[in-house]
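# Chains, contacts and geometry: an overview
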Amino acid sequence: MKVVFLGPPGAGKGTQADRMAEALDVHHASTGDTFRQAIAAGTRLGRTVQQYLDSGALVPDELTSRVVEQMVVEQEESYILDGYPRTLQQALDLERMLTERGQRLDGVIYFDVPEEVAVERLTGRLMCTECGANYHRKFMPPADNMICDRCGGPLKVRSDSSAAVVQERLVQFRQKTLPLLTFYEERDLLERVDATASPEEVSERTEQLLREMVAPQRRC
Ligand code: AP5
Ligand code: MG
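Since the model is a prediction, treat every value here as computed from it, not as a measurement. (Residues numbered from 1 in each chain as written. Chains lettered and ligands numbered in written order. Predicted model: local features only at pLDDT ≥ 70, side-chain atom pairs only at ≥ 80, totals over all residues. Heavy atoms only, no water.)

### Here's the deal with the environment of Pro-141
Threshold: Each helix corresponds to a stretch of at least 4 residues labelled H or I by DSSP, and each strand to a stretch of at least 2 residues labelled E; elements are numbered beginning at the N terminus. Here, two residues are considered to be in contact whenever any of their heavy atoms come within 4.5 Å of each other.
Take Pro-141: it is sitting in the loop between strand S6 (134-136) and strand S7 (155-156). With 53 residues separating them in the primary sequence, Pro-141 and Leu-88 have C-alpha atoms 36 Å apart. When residues no more than four places from it in sequence are discounted, the contact partners of Pro-141 are Tyr-135 and His-136.

Pasting the structure below:
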């Protein structure tokens, strides 16, 4: 399985990619998580990307596509790309990487939420500092205050959750990522999910779509 999860920041891509990776035994590849881990580890990649993440800007296409090619496309057979591609250039880069290897995408899922819902989700989001699991103060609270249900690690607010940075991330999404809907519609790869529903309902619909995308009749 090779699929892309698209949507505005806060749509729930990471939450659903985590669940689907576990349910369907595929690799969850998040460029945002990769960049945050590099920053936490103080690597050269981390030092280069920090300014972009802190301001809500996108990391340059060439660097982002190189990271995805080396860390995902070259390494993994089956994956969900969460948060990549995010620009038309990145979509073309991905198409090239796959074509060069005689591969193709099975599909793209767009997680559709209005901006006001995305903002409410982003400003209440909590993240485990150890395993990266996602929570929300109101919508998906941890069982124990500020402790991860999964690994017991401490939870924190993500550094790009301030109102100003969230607004900038939404601007970037509108300008650079929304045009990908037409790109993937033209290739007959796009499916939409109403991501305003509960996490369980969104998971049910997403899993159904993923199973259809890789069903044998679709590949004929
Ligand atoms: P990234 O980490 O990818 O952030 P994002 O796309 O902006 O998306 P988020 O992670 O904020 O939201 P999400 O859709 O994953 O929602 P989540 O599941 O967390 O990117 C961060 C930065 O890295 C970018 O700004 C950029 O600088 C850089 N970057 C990354 N990829 C790049 C690329 N390809 N090119 C260039 N730069 C790149 O859910 C959000 C909240 O809502 C959580 O609290 C969750 O608990 C809650 N929630 C989830 N689902 C539901 C639901 N159904 N109902 C109620 N609450 C819900
Ligand atoms: Mg995410």
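### Quick word on the site of ligand 1
Condition: By convention in these notes, a residue is near a molecule or strand provided one of its non-hydrogen atoms lies within 4 Å of it. Nitrogen and oxygen atoms within 3.5 Å of one another constitute a polar contact, given that in protein one can donate a hydrogen and the other can accept it, and given that sequence-neighbouring residues count only through two side-chain atoms. Computed with a 1.4 Å probe, the accessible areas rest on the Shrake-Rupley method; for each residue, only the protein chains presented here act as cover. All residues other than Ala, Val, Leu, Ile, Met, Phe, Trp, Tyr, Cys, Pro, Asp, Glu, Lys and Arg, Gly among them, are scored as polar; the first ten of these are nonpolar and the last four charged.
In the neighbourhood of ligand 1, 37 residues make up the surrounding shell, with Thr-15, Arg-86, Arg-125, Tyr-135 and Arg-169 lying closest. Here an oxygen atom of ligand 1 sits 2.6 Å away from a polar atom, N or O, in the side chain of Thr-15. Interatomic distance of 3.0 Å between a side-chain N/O atom of Arg-158 and an oxygen atom of ligand 1. For ligand 1, the accessible surface in isolation is 1,000 Å², of which the surrounding protein chains cover 97%. Contributing elements (two or more residues each) for the shell around ligand 1: helix H1 (13-24), helix H2 (31-41), helix H3 (44-55), helix H6 (115-123) and S6. Here the shell around ligand 1 takes four residues from H2, the largest share from any one element. Of the residues assigned to the shell around ligand 1, the class counts are 17 nonpolar, twelve polar and eight charged.

### Section: the sheet that holds S6
Stated precisely, the cut-off is as follows: Strand pairing requires that DSSP identify at least two bridges connecting the strands.
On the basis of which strands lie adjacent, the open sheet formed by three strands has the order S6-S5-S7 and antiparallel pairing. Each having just a single partner strand, S6 and S7 make up the two edges of the open sheet. Where strand S5 (residues 125-128) and S6 come together, three bridges link them in antiparallel fashion. Residue pairing for S6: Arg-125 is matched across the bridge by His-136.

### What to know about the environment of Glu-120
The cut-off we apply is this: Only protein chains enter the calculation, and the probe is 1.4 Å; a residue is then buried if its accessible area is under 20% of its type maximum, exposed if over 50%, and partly exposed in between.
Note that Glu-120 resides in helix H6. The class for Glu-120 is partly exposed, based on a relative accessible area of 36%. For Glu-120 and Gly-10, which are 110 residues apart along the polypeptide, the C-alpha to C-alpha distance reads 8.3 Å. Contact partners of Glu-120, with chain neighbours within four places excluded, come to His-136, Lys-138 and Phe-139.

### Some details on the pattern of salt bridges
Our working definition: Salt-bridge detection follows one rule: a side-chain nitrogen of Lys or Arg within 4 Å of a carboxyl oxygen of Asp or Glu.
Per the counting criterion, the structure on display carries 15 salt bridges. The closest approach of N and O atoms between Glu-77 and Lys-2, which form a salt bridge, is 3.9 Å. Of this pair, Glu-77 sits in the loop between helix H4 (61-73) and strand S3 (79-82) while Lys-2 is found in strand S1 (residues 2-6), placing the two residues 75 residues apart along the sequence. For Lys-2, a relative accessible area of 8% corresponds to the buried category. With a shortest N-O distance of 3.0 Å, Arg-192 and Glu-185 are connected by a salt bridge. On the basis of relative accessible area, Arg-192 is assigned to the partly exposed category, the value being 40%.

### A word on a negative patch on the surface
For the record, the criterion: Each patch is built from residues that are more than 30% exposed by relative accessible area and take part in no salt bridge. Like charges join if they lie within 9 Å; nonpolar side chains (Val, Leu, Ile, Met, Phe, Trp, Tyr) join within 5 Å. The positive count covers Lys and Arg only, the negative count covers Asp and Glu only, and His and the chain ends enter neither. By convention, charge coordinates are those of NZ in Lys, CZ in Arg, CG in Asp, or CD in Glu.
Taken together, the side chains of Asp-112, Asp-194, Glu-201 and Glu-204 define an acidic patch exposed on the protein surface. Mapped onto the elements, Asp-194 comes out in strand S8 (residues 190-194).

### With respect to the sheet that holds strand S4 (residues 107-112)
For the record, the criterion: To obtain each axis, a line is fitted to C-alpha atoms, and for helices this fit is confined to the stretch in contact; angles are then taken between N-to-C directions over 0 to 180 degrees.
The strand order S2-S3-S1-S4-S8 describes an open sheet built from five strands, whose pairing is parallel. Sheet topology places strand S2 (27-30) and S8 at the edges, where each strand pairs with a single neighbour. In this sheet, neighbouring strand axes are inclined to one another by 25 degrees on average, regardless of whether the strands run parallel or antiparallel. Bridge count for S4 against S8 is five bridges, and the pairing is parallel. Bridge assignment links Tyr-110 to a residue of S8, and that residue is Arg-192. Across the sheet, helix H8 (residues 179-186) is in contact with S1, S4 and S8; its angle to S8 comes to roughly 130 degrees.

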